[in-house]
Amino acid sequence: MSTPLEQVFLAAHDDLPREAPGSEETTALLLRLAGDLPERPRIVDIGCGTGPSTLPLAAATGGEVVAVDLHEPFLQRLRTRAATSGLGERVRPLVAAMDDLPLPDGEADLVWSEGAAYVMGFDAALAGWRRLLAPGGVLVLTEAEWTTTEPSPGAREFWDTGYPGMRTTAENVAAAQRAGYTVQAVYLLPDSDWDAYYRPLACRIATLREDGVDPAALDEVGDEIAVRERFGAEYGYTGYVLRPR
């Protein structure tokens, strides 16, 4: 049974274009940075949501994508979007937890995750998803990070609640190397990728206010937007392209 706050959160995020900062341009760039892939690569998109990266990946590579998410309504929308885009036969939605994936070792030429690895934590994701990669495979993910070594108290308070393990890029590069990866590329997502996430969310929150939804709960859901406006220069999302050594 979900709490009232969780219900408001899901209502605010229902059918948004994306569930984390990003854009088709960033997905395309990270895919190019991933380098050569097989002609029809096997892809696993973890924490796929409604498919903002799933569908571009399938279209750009000609490969098949296992699209993993724990929230079935997201996958239902992905099925509809994939069918409408003519990609239904190359997208396989899978309801599963990212830390307990019912997939065999060596399943993927490309493991992808935008804005979701924080659920496990960066180190746990690197360790847990490595087994999915076929020889020569590549892991691409985006991760929330500090862009300063001395964040403001307000920024620290917010992120310590939501993601206490958040680190700087230098710390995550070192962690990836310790975990046995070669860091092939690092890319800080632009502010426009945050706008692509937050503008639709802000509009949805405004609509829910007009509908009489609990304003205190909506304030809590929208707090991350206010924090970004005040402290956005102190943190960001960074894309990583990693290959096991």
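Check the entry above for the structure.
Residues numbered from 1 in each chain as written. Predicted model: local features only at pLDDT ≥ 70, side-chain atom pairs only at ≥ 80, totals over all residues. Heavy atoms only, no water.

1. Topic: the nonpolar core
W129 and L139 are the most contacted members of the largest nonpolar core, which has 51 residues in total. The contacts of W129, once residues within four sequence positions are left out, are I46, M98, L101, V111, S113, A117, M120, L139 and L141. By size, the runner-up hydrophobic cluster in this structure holds 21 residues, among which are A34, I43, V65 and V91. (Core = buried A, V, L, I, M, F, W, Y, C linked by side-chain atoms within 4.5 Å. Buried < 20%, exposed > 50% of the residue type's maximum accessible area, 1.4 Å probe, protein only. Contact = heavy atoms within 4.5 Å.)

2. Here's the deal with the pattern of salt bridges
Once their charged atoms are close, side chains differing in charge can pair, the charge on each being opposite to the other. Scanning the entire structure with this criterion turns up 10 salt bridges. The shortest N-O distance in the salt bridge between R199 and D195 comes to 3.7 Å. Placement of both R199 and D195 in helix α8 (residues 191–210) is noted, with a separation of 4 residues, approximately one turn of the helix. When its relative accessible area of 32% is taken as the criterion, D195 is described as partly exposed. The structure contains a network of salt bridges with shared partners spanning D14, D15 and R77. (Salt bridge = Lys/Arg side-chain N within 4 Å of Asp/Glu carboxyl O. Helix = DSSP H or I, 4+ residues; strand = E, 2+ residues; numbered from the N terminus.)

3. Considerations on the packing of aromatic side chains
Any aromatic ring pair is given by two values, namely how distant the centres are and how the planes are angled relative to each other. All chains considered together, the criterion is met by 9 aromatic pairs. On the numbers, 5.4 Å between centres and 55° between planes, the contact of F122 with Y240 is tilted. Highlighted residues: F122 in helix α5 (residues 122–129) and Y240 in strand β8 (residues 235–244), separated in sequence by 118 residues. Exposure class is identical for F122 and Y240. Each is buried. When the ring of F158 is compared with that of W159, the centres are 5.4 Å apart and the planes differ by 90°; the resulting orientation is edge-to-face. One aromatic cluster is present, formed by W146, F158, W159, W194, Y197, Y198, Y235 and Y237 through successive ring pairs. Across the ring face of W194, the terminal group of R228 is positioned such that the distance to the ring centre comes to 3.9 Å. Taking the ring centre of Y235 as reference, the NZ or CZ of R228 above it sits at 5.2 Å. (Phe/Tyr/Trp six-rings, centres within 6.5 Å; stacked < 30°, edge-to-face > 60°. Lys NZ or Arg CZ within 6 Å of the ring centre and 35° of its normal.)

4. Brief notes about the pairing of strand β2 (residues 64–69)
Where burial is concerned, most of β2 is hidden: 5 out of the 6 residues are buried. Pairing geometry for strand β1 (residues 42–46) and β2, over 5 bridges, is parallel. Paired with I46 across the strands is V68, a residue of β2. Sheet analysis places β2 next to strand β3 (residues 91–95), joined by 5 bridges and oriented parallel. In the strand pairing of β3, V66 is matched with R92. The parallel pair β2 and β3, bridged by helix α4 (residues 72–84), forms a crossover whose chirality is right-handed. (Pairing = 2+ DSSP bridges. Right-handed = clockwise from strand over helix to strand, strands pointing away.)

5. Looking at the environment of T50
Along the chain, the position of T50 falls in the loop between β1 and α3 (54–61). Distance in space between the C-alpha atoms of T50 and R18 is 7.1 Å, their sequence separation being 32 residues. Discounting residues that sit within four places of it in the chain, T50 has contacts with L16, P17, F74, R77, L78 and R81.

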